[in-house]
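# Notes for the structure review
This is what each chain is made of:
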Amino acid sequence: MRPAARRLRLGMKALVYRDFGGSDRLELTDLPEPHIGPDTLVVRVVAAGINPVDYKVREGYLRGLIDTSLPAVPGWDVAGVVEKTGLDTPEFAVGDEVLAYARADVVQHGSLAELMPVPVRTATRKPDGISFEQAAALPLTGLTALQSIERSGLGDGSTVLIHGAAGGVGSFAVQLASLRGARVVGTASERNHDYLRDLGAEPIAYGEGLVDAATALAPEGFDVILDFAGGSSLDSTGALLKAGGRVVSIADPRARTEFGGEYVWVRPDPAQLGELAQLVADGALRVELAATYPLDEAVAAFAQLEEGHTRGKIVVTV
Ligand SMILES: NC(=O)c1ccc[n+]([C@@H]2O[C@H](COP(=O)([O-])OP(=O)(O)OC[C@H]3O[C@@H](n4cnc5c(N)ncnc54)[C@H](OP(=O)(O)O)[C@@H]3O)[C@@H](O)[C@H]2O)c1
């Protein structure tokens, strides 16, 4: 018999959960390699970004909105190298370095694994000058920030209030709004105020005193309010939004139902993702990495994320 180390390995390591619940459901295990579809790539994962939605799906909070097939591997953000191409994927070749917000219709084969099936409609090439860790941190939150800004109509000279400015989405939104010529006021706890200044925002604390602090900075009110924090953030909207101003939330449907604005659910968009990646490669968009964990410590990565106070992004390297 051949020595164990030289036996052909057909499976892959992956983080899975077998039923809905807390992070105690997560285990590192061996799974069969993913099948490849006609318009899918199999990507060897180098780095995976994790997002609050990953644990919300695992907890079962999004049942009814998104189907999950158990056992499931979490993770929609991926950066890696194309290992196999599908029957009709002329855009990519084996060996290409790619990144993707690889959300399929059913949660099953995520990025916290050695291999991931990635629909071509979600993927773009990774430019030189951006690391795999930066690339994995970018897709879901970068696209959310960009699509929220586009839906808000924000432009040169707008004054914008960003709730949750120091998190994954907020950190990109502050920079993208500044790049579009907006004046940005962002909410975060005190420990993140210097960080927000570095990104280009005027920081204020959330909670009690927010309306006074925001009004002191923008007595005429805000043209745009972007809500990336949810909870009670939109309660101050009536006091802070200019007449004719626009509210966009990714966490509170009241943006639409009460304030006539938009509720955004981020969509994969490889062209937009390519533009964001190029901004990073050009040094125009900063990716703040709060922490990087190896795959066998991914449970600790989720524990940090679930505290709800990540500055920027957490990435798992595979
Ligand atoms: N609809 C969509 O398409 C979509 C897309 C992406 C995300 N989301 C949702 O949007 C939310 C934010 O996502 P994310 O990835 O940015 O999360 P995240 O990175 O985990 O957010 C952490 C940040 O939230 C800040 N924060 C916590 N409570 C706050 C409050 N009351 N007011 C202002 N800031 C607060 C923290 O700042 P401090 O440490 O300073 O407190 C921290 O910087 C999550 O609920 C997520 O599920 C929705």
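Check the entry above for the structure.
An account of the accompanying structure is given in this report.

Cut-offs used in this document
Residues numbered from 1 in each chain as written. Predicted model: local features only at pLDDT ≥ 70, side-chain atom pairs only at ≥ 80, totals over all residues. Heavy atoms only, no water. Axes fitted to C-alpha atoms, helices over the stretch in contact; angles between N-to-C directions. Helix = DSSP H or I, 4+ residues; strand = E, 2+ residues; numbered from the N terminus. Parallel < 35°, antiparallel > 145°, perpendicular 65-115°, else oblique. Contact = heavy atoms within 4.5 Å. Nonpolar A, V, L, I, M, F, W, Y, C, P; charged D, E, K, R; others polar. Near = heavy atom within 4 Å. Polar contact = N/O pair within 3.5 Å; in protein donor to acceptor, adjacent residues only side chain to side chain. Areas by Shrake-Rupley, 256 points an atom, 1.4 Å probe, with all protein chains shown as cover.

## Quick word on the packing of helix H3 (residues 139-152) against helix H9 (residues 270-281)
Remark: H3 packs on H9, axes separated minimally by 10 Å, with the N-to-C direction vectors making an angle of 105°. Relative to H9, the element H3 lies roughly perpendicular. Taken together, the residues of H9 that come into contact with H3 (itself represented by Pro-139, Gly-142, Leu-143, Leu-146, Gln-147 and Glu-150) are Gln-272, Leu-273 and Leu-276. Classifying every residue of the contact of H3 with H9 by side-chain character gives 5 nonpolar, 3 polar and 1 charged.

## Concerning the site of the ligand
Lining the immediate environment of the ligand, one finds 26 residues, of which Lys-56, Gly-168, Ser-189, Tyr-206 and His-309 sit closest. Arg-191 has a polar side-chain atom sitting 3.2 Å from an oxygen atom of the ligand. Within the backbone of Val-264, a nitrogen or oxygen atom sits 2.8 Å from a nitrogen atom of the ligand. Here the ligand, which alone exposes 940 Å², has 86% of that area covered by the protein. Of all the secondary structure elements, the ones that give two or more residues to the shell around the ligand are helix H1 (52-59), H3 and helix H4 (168-179). Considering every element that reaches the shell around the ligand, the biggest residue donor is H3, with 3 residues. In terms of residue class, the shell around the ligand is built from 12 nonpolar, 12 polar and 2 charged.

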